[in-house]
Amino acid sequence: MRSTSRIVLALSSLALCGVAAGAQARSKSVPVKQIASQKQIGSIHAMDIIEEPQFFHGGGFMPAPDFALDGQPVGGAKAPVSTQPAGLHGSSVAMVGTDVLVVDADSGTLIRTDRAGTKLASLTLGVGAAQVVVDDAANRAYVTDRKHDRVVVVDIADGLTEVDALRTQAEPFGVALSPDRGTLLVTTVADKSLTAFDLSTGFEAWSLTVGPEPRGVAISPNGKEALVTFLTTGVVGRVALGDDPRIDYVSMDPAAPSSTINPTGLPKTSDDQGRSFARNAFAAVYAGNGVAVVPHQLSTPHASNEFGAGEGGGGYGGGGNFAAPITHRLAFLGMPDQGTKSSVDTAFATTSVHQPRAATYDAASDTLFVVGYGSDDVLAVADVSQAGVHMAWKAPVPSGRACGADGIAFDAGSDELVVFCSLSRSTHRMTARSGSQVSDAQSDELAKSHLSASAQRGQAIFRRGNSPRISTGGAMACTSCHAEARADGLTWFLEGNVLQTPFLSGRMKGSAPFKWDGTDADLSASVTNTVSRLGGTGLNKQEIRDVAAFLESVPEPRTPQPEEKVAVARGKKLFESDATGCAECHSGPLLTDRSLHQIAPDLPAVDTPSLVGLANSAPYYHDGSAPTLQSLLRGKGSIHGMGRTSKLSEGQVSDLVAYMESL
Amino acid sequence: MRMMRPLCVWAAACLIAAVACGPKNDGGTAMPAPAPIAESEAEEPTKPVGLDLPRAEFPGVAHSANIDAVAMCPTGTCAASRDTLGGVRLWTALDGSAEPQPVPLTSVRTMAVAKRGDAYLVFGIEGSSGARLISMRPDGSSREGFALPPFEPVQHVALAPGGERAIVLMKDGSIRVYDPKGTLLTTFDEKRFQPYSVRVSADGKHLLALLRMERSGDFRVEVQRLSFGGTDEAPTLARSGVPHIVRSTFAIEDTSIALAPDASEVAVVGRAKNDGWIVDRFDLASDADPTPLEVKVTQSAQPRIGFVGPERLLVSSNEGTLSWLIDTKTGDLRPRTSAPQDFNHQGRAQWIGAQRQVMGYGNFLFVHDVDTRKHRFLGYGATQGAGVGLSPSGEHVAWAYVQGPVVVERLDGTGEPISIDFGNNNFHTTRVRFLDEDHVVIVDSAGEATLVHWASGTVLARAGVMGNVRNVWVDPEQGLLVIDRHNNEVWVYEASVEKGFEGPYIVADEAYRLGLLRPTPPSELVLWTLDSKNTMRQYTLDELRSDLTAAQSEAMGKAMEAGKPAPLAIDHLGRHYGVRWNGTNLEMFIDHDGKTVASKSVPSSDVNQVLPSPTGDRFLAVLNRGGTVSVSMHDSTTMEPLWSYATGVFNNDTSWSADGRYVGLAANTGAVLLDSATGKPVRKRCGLAFQALSAPPQNAFSSPNQRSLCDL
């Protein structure tokens, strides 16, 4: 849609509530868009959401630089001589000549538009469809259908015609095409796999088990290696392709704590104190000179200074002198040997792009373009494969409303970028040289959302970065710890407690009370208090309801395919038996009795958590003290005597784990 | 005059060698390339600098940043170190006979090292909690032994002497023992047994598990000895001895608790007392109360301890005062050398064991041999460029080094470089400029300017300012030397071979930015200055000679128009260069007579210096991009960049050749002369040399050992 008349949900609430951010916007002469009247709010439609202007809001700490390289560049001394075709790694948007292919996860639709954004054709897939990659020489597109465990093969010669489907393991997400177009790599989320398909036969060539929560995949220009990214582990999987594929892991987590540990001499709150963890890596992109880039975020859940930590200190896991516990980075991996050695050079750049989620590369200008899901902007990094790597420009996606940019493609023919906004389900074009808007080339809403209007608005709020209403200085968004409404696999230091990030997907509807000690009676209270704990100045009631509506709309996560179904059955029997007593508390559809229990003498009563999606929610216990389900059942966490599992045999533990992972 | 071979120049004058066999590039921590040297010279390796050392057989790689973690072999003959950028080095010898080799591990949190036959094993937990065992050869080649993926997090690792066993403490508290190929030999896993750290005794027969306890007034850790049994192929691991709860008034860290070589006892830094510290000894075979040992170590820093042999405990203060070797049987104290003050890591970056103490000191490794009572600092010194000057013909280049010497050589590489001996040079040279083809002006940091016939070393004249030199200009055509001081004053000399330095003509107009002008009739202006109120002044030579009063100087000022940005530079044509906000975005501009000649949008106001070429057709912009200094050359007509580099560090000096063909850069990572049209290096001066020093190296914390200018 091209209408310039927008209703401003966020700004309206700012104005109504009189919060500081609105005043800042005016004092800094940031153009303030039209503010809705209170009367209009009742008729807000999700697609009309226009957000507050995003900029640094203060908060007592330094804003993140747009692009600052920490350490030495890994690139070469000269511009790369590249023959690599663009766009062989998957994204939610891809070029087909001058046309554009878009995968809209919300509606589960593959859409084709012309350059102006006019819809030409569409193909219905499953909700959650993730990525597309295009073989233009063969007139084929490959789309991961997350819901139906398949890669849909689409003829793109004219329109969109489904011609085949490659069966995958559970929940395919990332997809990449080899430079010779002969092999397709696919990641699957639930089954934690990377699978290669021989496209000449359509058969699986090989499959590797990878770590939890894999997402993006990219293949090097020479086809010798691939990279796999993850949401909840600070590594990039580096796969040596060839006759005997094997995966190695390159760490993105910093080795040393972010600051001096324990200057006060007080005991550590956790071995993780002061440490930072790379999270939410959705994509990897190869540039030239053997350099690849992985956008991600860095979480520091246990600040080194304990004084004033928690809500009172104004920081989520932070200390009295607030340092943003979430920052965003680009990892530069220098791999000139590409798959022949294990040595990898690494460098990291901090960026103000909030939740950098997707990227594309223009080999001709050696420029990388990165989109921010939380900040709806694009960062252009020039000379990205060279020692002189630097920022070329940063510009907002010209959507004029909440965008949720999660895909970007480079159109070499027009020297333009196409950004897909997942919230408005529309595409927007920007010039590749300056980031300015290409007029008359923005699409209308390309598909209808499967969510209610309220849930759509909640989704937009849930992912919003740089908003001081949500967190101190806008450093954190809900998705910072709950990407895809899941969990980051970390424990955070809050209110003097070490607490695991709860898994949200599929667990929110009908599982009240909330929080580990059950202090929040309903979801609205929980969202309100969480925002307060984040240091946010607050959301209004409608926004809280919207976030709750979104959270309740998120479906249960997919579960891995069991290796042995009979083991799951045995485990279920054990789980429900009096011998273990698991089901005494973990009962009902969400596997919770929604009650408080005294499980340890030094703890207050604890709310029974839902066990939905247990396979994806490690570590376990309220404090994350059990890294695996096995260790939980073997008494290695901080809680002892919960259930009656101490006398289980190794086989019974194994069966019980198999069942619990199926929940 | 001294005619010197280039390598001798570096080694003798700088204590820095352009290493022929060269530092190699390293994963994540790129290293300077060797300086360009003729092939015949390349075959002549340079001796290491400092103590009398055998030449290292294999060139190594310096740490790119300060060392913040170390581990030592159980035998005390090798070590591994990690720097703050994550680079890991293996030190196959600790006597300086071998240079450190880069280890292909990424972001290592904890590491262990052991010698196994002719190879060295380095076992590390990477940042993401996976573990990797690397087998290294002395020549730096490596292969992976085995790796544990990060999805079952590893808490701690250790290696037994000889490397035959790799001990892994998993985050769930289980202890796994592998052979170097990754075969699981045995597991120790008891319910509710969840140590946070584990260490191996020097005899390899025992482990010590440390279990954290809740704090109750003091800090307490439960220690439990485990002992190996069974066979080499099928070992077993079981509890042995008596568990103890050790206490300290300070947090118990890896370096404040020590295990005896035979695991018979544990020592822990307990508490401060009187003028020293109490170290408690616990007998692991009995439940007897600990035996206190009193040590005279200053209370200002919690000491670090380690057993260097049976019943021999080294207590180190890590703040510069003496260490003490304690006989734990008799309580006798023997003084030992001071560990250097550990500014950054409070003594954590050290390891004590097997007769030795190793510790990070900046990017150097401090090695203390407890038996011989000697110590040394192992690391690399870097060639650091202070200044670079080009002769009017563009045939010669003069390099000034932070370490002192000035060397002149031909741009075409022919002939011998000449090191100028110009008498006492007690202070670092900061700038060198050609007055004419045969003479240079050298200015040191104390403010002395020396006019030298560079080919003979003959000093023709000296003059001086009172230090605080900010920048220096020499205009050969006008015969002017201008010295800009940080005090915001300008000293102008007329310089000539015949008359030496005439002046100074002191301009006290509070200028913080200035430059030379080329008189173009009818204008006779030679100098412009800009003060902090944005008041511009321009002077003729006659005015400078006239000994201006303060009032006269003040009256000459002309305020910049309101809203007009101060120029970063003015070229000899009188054109102003700068950065401004044009109402829509930031732009670099060139203005002349108040009118815009050219402009170009820039992403941010990161341009902090502009250096127009003498010919006016190009200019060099120095940019501060997120902590990284970059330079970019621009066409003065189109403003488009011709080339750019991230130099990485602050540029000490930048200068042009008179014809605008070349531009020279000098930084703490070396110096380089570039073709201004293409950015291609014409001459380079960078390099590192391995050093073993007995005194703390001055450059340990400042020598960047980073990607040098020569890598551009």
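The numbers attached to residues start from 1 for each chain and follow its sequence in the written order. The naming scheme follows written order: chains are lettered A onward, ligands numbered 1 onward. Residues qualify for local features only when their pLDDT is at least 70, as the model is predicted, and side-chain atom pairs are given and counted only at 80 or more; totals for whole chains, interfaces and linings, by contrast, use all residues.

### Considerations on the sheet that holds strand 46 (residues 558–559) of chain B
All names here are of chain B. Note the cut-off: Strands qualify as paired when DSSP identifies two bridges or more between them. By the criteria applied, helices consist of DSSP H or I runs no shorter than four residues and strands consist of E runs no shorter than two, each listed in order from the N terminus.
Reading across the sheet, the four strands line up as 43-44-45-46 and stay open at both edges, with antiparallel pairing between neighbours. Of all strands in the sheet, those with a lone pairing partner are strand 43 (511–516) and strand 46, marking the two edges. With two bridges connecting them, strand 45 (residues 535–540) and strand 46 associate as antiparallel partners. Within the sheet, the bridge partner assigned to Thr535 lies in strand 46 and is Ala559.

### Remarks on the sheet that holds strand 25 (residues 323–327) of chain B
All names here are of chain B. Worth spelling out the cut-off: Fitted lines through C-alpha atoms give the axes, limited to the stretch in contact for helices. The angle between two N-to-C directions lies from 0 to 180 degrees.
Read from one edge of the open sheet, four strands run 23-24-25-26, paired in antiparallel fashion. Edge positions in the open sheet fall to strand 23 (304–309) and strand 26 (333–336), since each of these has one partner strand only. With direction set aside, neighbouring strand axes in the sheet form an average angle of 25 degrees. Of the strand pairs in this sheet, strand 25 and strand 26 are connected by four bridges, and their pairing is antiparallel. When the bridges of strand 26 are listed, Ile326 appears paired with Leu333.

### As for the confidence of the model for chain A
Condition: Along the chain, pLDDT gives the predictor's confidence residue by residue, from 0 to 100. Working definition of a contact: two residues with C-beta atoms, positioned from the backbone, lying within 7 Å.
Per-residue pLDDT for chain A has a mean of 82; in total, 83% of the residues score no lower than 70. Predicted confidence for residues 305–315 of chain A stays below pLDDT 50, and this span has 35 contacts to residues more than four positions away or in other chains.

### Quick notes on the nonpolar core
Note the following rule: Throughout this description, the term nonpolar core refers to a group of buried Ala, Val, Leu, Ile, Met, Phe, Trp, Tyr and Cys residues whose C-beta atoms join them within 7 Å. Counts of 20 or more other C-beta atoms within 10 Å of a residue's own C-beta define buried residues, counts of 12 or fewer define exposed ones, and intermediate counts define partly exposed ones; C-beta atoms are placed from the backbone.
Ranked by size, the top nonpolar core spans 154 residues in total, and within it A:Ala292 and A:Val293 carry the most contacts. Residue contributions to this core peak at six residues, all from helix 7 (residues 541–553) of chain A. Core analysis: the next-biggest nonpolar cluster, separate from the first, contains 104 residues, B:Val103, B:Ala112, B:Val200 and B:Leu207 among them.

### Details of the packing of helix 8 (residues 565–575) of chain A against helix 10 (residues 650–660) of chain A
Residue and element names in this part refer to chain A. Convention followed: Relative orientations are named as follows: roughly parallel for angles under 35 degrees, roughly antiparallel for angles over 145 degrees, roughly perpendicular for angles from 65 to 115 degrees, and oblique for any other angle. Basically, the charged four are Asp, Glu, Lys and Arg, the nonpolar ten are Ala, Val, Leu, Ile, Met, Phe, Trp, Tyr, Cys and Pro, and anything else, Gly included, counts as polar.
Orientation of helix 8 relative to helix 10, taken along the N-to-C sense of each, is 95 degrees, at an axis distance of 7 Å. The pairing of helix 8 with helix 10 is recorded here as roughly perpendicular in orientation. Along its contact with helix 8, which presents Ala567, Val568, Arg570, Gly571, Lys572, Leu574 and Phe575, the element helix 10 presents Gln652, Ser654, Asp655, Leu656, Ala658, Tyr659 and Met660. In the contact of helix 8 with helix 10, the residues fall into eight nonpolar, three polar and three charged.

### Digging into the confidence of the model for chain B
All names here are of chain B. Looking at chain B, pLDDT values average 84 and 87% of them are 70 or higher. Here helix 2 (residues 39–42) stands out as the element of chain B with the lowest mean pLDDT, 28, in contrast to strand 13 (residues 175–178), whose mean of 97 is the highest. Residue range residues 1–55 is modelled with pLDDT below 50. Its contacts to residues more than four positions away, or to other chains, number 160 contacts. Predicted complex, confidence summary: ipTM 0.75, pTM 0.76.

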